[in-house]
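In case you want the letters, here they are:
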Amino acid sequence: IAQKNNSVVWYSIASGNLGRTYCLNNDFSTGIPLLLTDVKTGMKYEAINSALSAAYIAEAFIIQKKADSAAYYLHLSKTMVDNAHFWNSTPFFLTKYCFYYYQKMAELDNLTGNYREAYNNLDTVNINKEIYNRRFNVQFITSAEKRVAALEYQQNINLLAEQEKNQRLQKIILIIVVITVLMIAFVLLRS
């Protein structure tokens, strides 16, 4: 749909998401080209998505034990983030990216036998994971608070609607009682 509507950004994002799904199911021959589409088309529009897609490609190559290809895409990923000056922007996504990037670097170092560097990268992963989890929890709590506020607002609206309905019903009952009393009074006065 994005391609049909000529929406480059959404085409890029959709390709990356679909490619990631294929790679998670170990269908690398289908997933990597889709991720590569995201990397190429998203560089101008969605640098962090493209950088993550490059890291996802690296992950696919790590799983396939292709260290040179994995190293190339991890380097490309970091270069995209550096060029987009992302290090000074959205802390939540930057922390998520750092967590993932250094995790893949540690896996690559482990694959190539560079265990000291793998250990250093895992240390960076743990630091970023803690920061990411704290920020995620704050966002989750804020989101939950907003949902609770929205539910309270909706309940108040429903309560007001119910009160209004009850007031109308009370008025109708009062009118019926008054008419009934008047009719009884009229009948008693005529007799």
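(A) Quick peek at the overall build of the protein. The secondary structure content of the protein amounts to six helices and zero strands. Counted from the first residue to the last, the protein has its helices and strands arranged as α-α-α-α-α-α. Looking at the protein as a whole, 30% of its 191 residues are labelled buried. Within the protein, contacts between residues separated by at least 24 positions form 52% of all contacts whose residues are at least 6 apart in sequence. Roughly 13,200 Å² of accessible area belongs to the protein as shown, and the carbon and sulfur atoms make up 60% of that amount.

(B) Molecular detail of the packing of aromatic side chains. Inspection of every chain in the model, using the stated rule, returns four aromatic pairs. Their ring planes at 20° and their centres at 5.9 Å tell us that Phe61 and Tyr73 sit as a pair that is stacked. With a gap of 12 residues between them, Phe61 in helix α3 (residues 47-63) and Tyr73 in helix α4 (residues 67-83) connect regions that are remote in the sequence. Aromatic side chains Tyr72 and Tyr73 sit 4.9 Å apart centroid to centroid with 90° between the ring planes, which places their arrangement in the edge-to-face category. Lying across the ring of Tyr56, Arg20 places its NZ or CZ 4.0 Å from the centre.

(C) Focus on the nonpolar core. If you look at the biggest cluster of nonpolar residues, it comprises 28 residues, and the most contacted ones within it are Ile32, Ile57, Leu74 and Tyr97. Sorting the residues of this core by element identifies α2 (28-42), α3, α4 and α5 (91-112) as the ones contributing at least two each. Ranked by residue count, the leading element in this core is α3, at 11 residues. Setting aside its immediate chain neighbours within four residues, Leu74 contacts Ala55, Ala58, Tyr101, Lys104, Met105 and Leu108.

(D) Molecular detail of α2. When the terminal C-alpha atoms of α2 are compared, their 20 Å separation across 15 residues agrees well with the 21 Å that a helix rising 1.5 Å per residue should span. Here α2 has its buried residues at Phe28, Gly31, Ile32, Leu35, Asp38, Val39 and Gly42. Taken end-on, α2 shows its buried residues confined to a sector of 115°, consistent with a single buried face. Exposed residues pointing more than 90 degrees away from the buried face of α2 are listed as Ser29 and Lys40. The inward-facing, buried residues of α2 contact α1 (8-24), α3 and α4.

(E) Geometry of α4. For α4, with 17 residues, the first-to-last C-alpha span of 24 Å sits near the 24 Å given by 1.5 Å per residue. For α4, every residue scored as buried is listed here: Ala67, Ala70, Tyr73, Leu74, Leu76, Ser77, Met80 and Val81.

(F) Quick peek at the pattern of salt bridges. Scanning the entire structure with this criterion turns up four salt bridges. A salt bridge links Glu59 to Arg20, with the nearest nitrogen and oxygen atoms 2.4 Å apart. One end of the pair, Glu59, is in helix α3; the other, Arg20, is in helix α1, with 39 residues separating them in the sequence. With respect to class, Glu59 is no different from Arg20; both count as buried. A salt bridge links Arg168 to Glu164; the nearest nitrogen and oxygen atoms lie 3.9 Å apart.

Rules behind the numbers
- Residues numbered from 1 in each chain as written.
- Predicted model: local features only at pLDDT ≥ 70, side-chain atom pairs only at ≥ 80, totals over all residues.
- Heavy atoms only, no water.
- Helix = DSSP H or I, 4+ residues; strand = E, 2+ residues; numbered from the N terminus.
- Buried < 20%, exposed > 50% of the residue type's maximum accessible area, 1.4 Å probe, protein only.
- Contact = heavy atoms within 4.5 Å.
- Areas by Shrake-Rupley, 256 points an atom, 1.4 Å probe, with all protein chains shown as cover.
- Phe/Tyr/Trp six-rings, centres within 6.5 Å; stacked < 30°, edge-to-face > 60°.
- Lys NZ or Arg CZ within 6 Å of the ring centre and 35° of its normal.
- Core = buried A, V, L, I, M, F, W, Y, C linked by side-chain atoms within 4.5 Å.
- Expected span 1.5 Å × (residues − 1).
- Arc of directions from axis to C-beta.
- Salt bridge = Lys/Arg side-chain N within 4 Å of Asp/Glu carboxyl O.

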